[in-house]
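Fold and geometry: a report
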Amino acid sequence: MTRKSLIAGLTAISVGLASPVYAQSAEQMLKGTAIGAGGGALAGAILPGVSTGNGALIGAAGGAAYTALKKNKKYYRDSRGRKYWVDKNGNRRYK
């Protein structure tokens, strides 16, 4: 195992363990990680010099990081047409 793949694997594991705190659900984290791993494996198969396994590890780490850090808010509209989202306390937060 090369040093890059070891670092990518450890990054994917650490982000995967810490990210449910940031993400809305663990299901979203698994979905983002799986999509990233699939894209990385595809890139590893196409790009010369990158193996499929290393591409999958790097893609999984990237997908997990993106899913953990993105803000997934569902917006609504009030009677005046203004957009808002509801925070965890049930308060409206206007855009």
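Whatever comes next refers back to the structure up there.
Below is a short write-up of the structure. Positions within a chain are numbered from 1, following the residues in the order the chain's sequence is written. Residue-level local features of this predicted model are given only where pLDDT is at least 70; pairs of side-chain atoms are given and counted only at 80 or more, and the full residue set underlies all totals for whole chains, interfaces and linings. Hydrogens and water molecules were not included; the side-chain quantities draw on all heavy atoms of the structure.

**Structural notes on the overall build of the protein**
So the rule is basically this: Numbered from the N terminus, helices here are DSSP runs of H or I no shorter than four residues, and strands are runs of E no shorter than two. Between buried and exposed lies partly exposed: a residue is buried under 20% and exposed over 50% of the maximum accessible area for its type, with that area taken using a 1.4 Å probe on protein chains only. Any two residues whose heavy atoms approach within 4.5 Å are treated as being in contact. All accessibility values rest on the Shrake-Rupley procedure with a 1.4 Å probe; residue burial counts only the protein chains present in the view.
Assigned secondary structure in the protein consists of three helices and three strands. Moving toward the C terminus, one meets the helices and strands of the protein in the order α-α-α-β-β-β. The buried share of the protein, taken over its 95 residues, is 23%. For the protein, the proportion of contacts with a sequence separation of at least 24, taken over those separated by at least 6, is 41%. Accessible surface computed for the protein: about 6,900 Å², of which carbon and sulfur atoms make up 61%.

**Considerations on the sheet that holds strand 3 (residues 92-94)**
Stated formally: Paired strands, in this sense, are two strands between which DSSP finds at least two bridges.
Strand order across the open sheet formed by three strands is 1-2-3, with antiparallel pairing between neighbours. For this open sheet the edge positions go to strand 1 (76-77) and strand 3, each flanked by a neighbour on one side alone. Pairing analysis gives three bridges linking strand 2 (residues 83-86) to strand 3, with the strands arranged antiparallel. Residue valine 86 lies in a different strand from strand 3, and its bridge partner there is arginine 92.

**Quick word on the packing of helix 2 (residues 26-46) against helix 3 (residues 52-69)**
Using the following cut-off: Only the stretch in contact is used when fitting a helix axis, every axis being a line fitted to C-alpha atoms; angles between N-to-C directions are given from 0 to 180 degrees. Crossings are classed by handedness, with left-handed meaning an anticlockwise turn of the near helix from the far one by less than a right angle and right-handed meaning a clockwise turn. Following the grouping adopted for this structure description, the nonpolar residues are Ala, Val, Leu, Ile, Met, Phe, Trp, Tyr, Cys and Pro, the charged ones are Asp, Glu, Lys and Arg, and the polar ones are all others, Gly among them.
In the contact formed by helix 2 and helix 3, the axes pass within 6 Å of each other and the chain directions differ by 145°. In the packing of helix 2 onto helix 3, the handedness of the crossing is right-handed. Within the contact between the two elements, helix 2 uses Gln28, Met29, Gly32, Thr33, Gly36, Ala37, Gly40, Ala41, Gly44 and Ala45 and helix 3 uses Thr52, Gly55, Ala56, Gly59, Ala60, Gly63, Ala64, Thr67 and Ala68. Considering only residue class, the contact of helix 2 with helix 3 consists of eight nonpolar, 11 polar and no charged.

**Quick notes on the pairing of strand 2**
Here strand 1 runs beside strand 2; their pairing, made up of two bridges, is antiparallel. Paired with tyrosine 76 across the bridge in strand 2 is tyrosine 84. As consecutive antiparallel partners, strand 1 and strand 2 are separated by five residues, and within that stretch glycine 81 has a phi angle of approximately 90°, a positive value. In sequence, strand 2 turns back onto strand 3 through a hairpin of five residues, with glycine 90 there showing a positive phi of about 85°.

**Regarding the side chain of aspartate 78**
Convention followed: N or O atoms closer than or at 3.5 Å make up a polar contact, with two conditions inside protein: a donor-capable atom paired with an acceptor-capable one, and, for residues adjacent in sequence, both atoms drawn from side chains.
Inspection of the secondary structure puts aspartate 78 in the loop between strand 1 and strand 2. A polar atom in the side chain of aspartate 78 sits 3.1 Å from the backbone nitrogen of arginine 80. One polar contact links aspartate 78 to tyrosine 94, side chain to side chain, over a distance of 3.2 Å. When sequence neighbours within four positions are dropped, the list of residues in contact with aspartate 78 reads Tyr84, Arg92 and Tyr94.

**Focus: the pattern of salt bridges**
Side-chain pairs of opposite charge can arise where the charged atoms are in close proximity. Heads up, the rule is: What makes a salt bridge here is a side-chain nitrogen of Lys or Arg within 4 Å of a carboxyl oxygen of Asp or Glu, nothing more.
Here the structure, examined in full by the defined rule, presents two salt bridges. With a shortest N-O distance of 3.3 Å, aspartate 78 and arginine 82 are connected by a salt bridge. In this structure aspartate 78 comes out as buried when scored by relative accessible area, which is 13%. One salt bridge connects aspartate 87 with arginine 93, and the closest N-O pair in it is separated by 3.1 Å.

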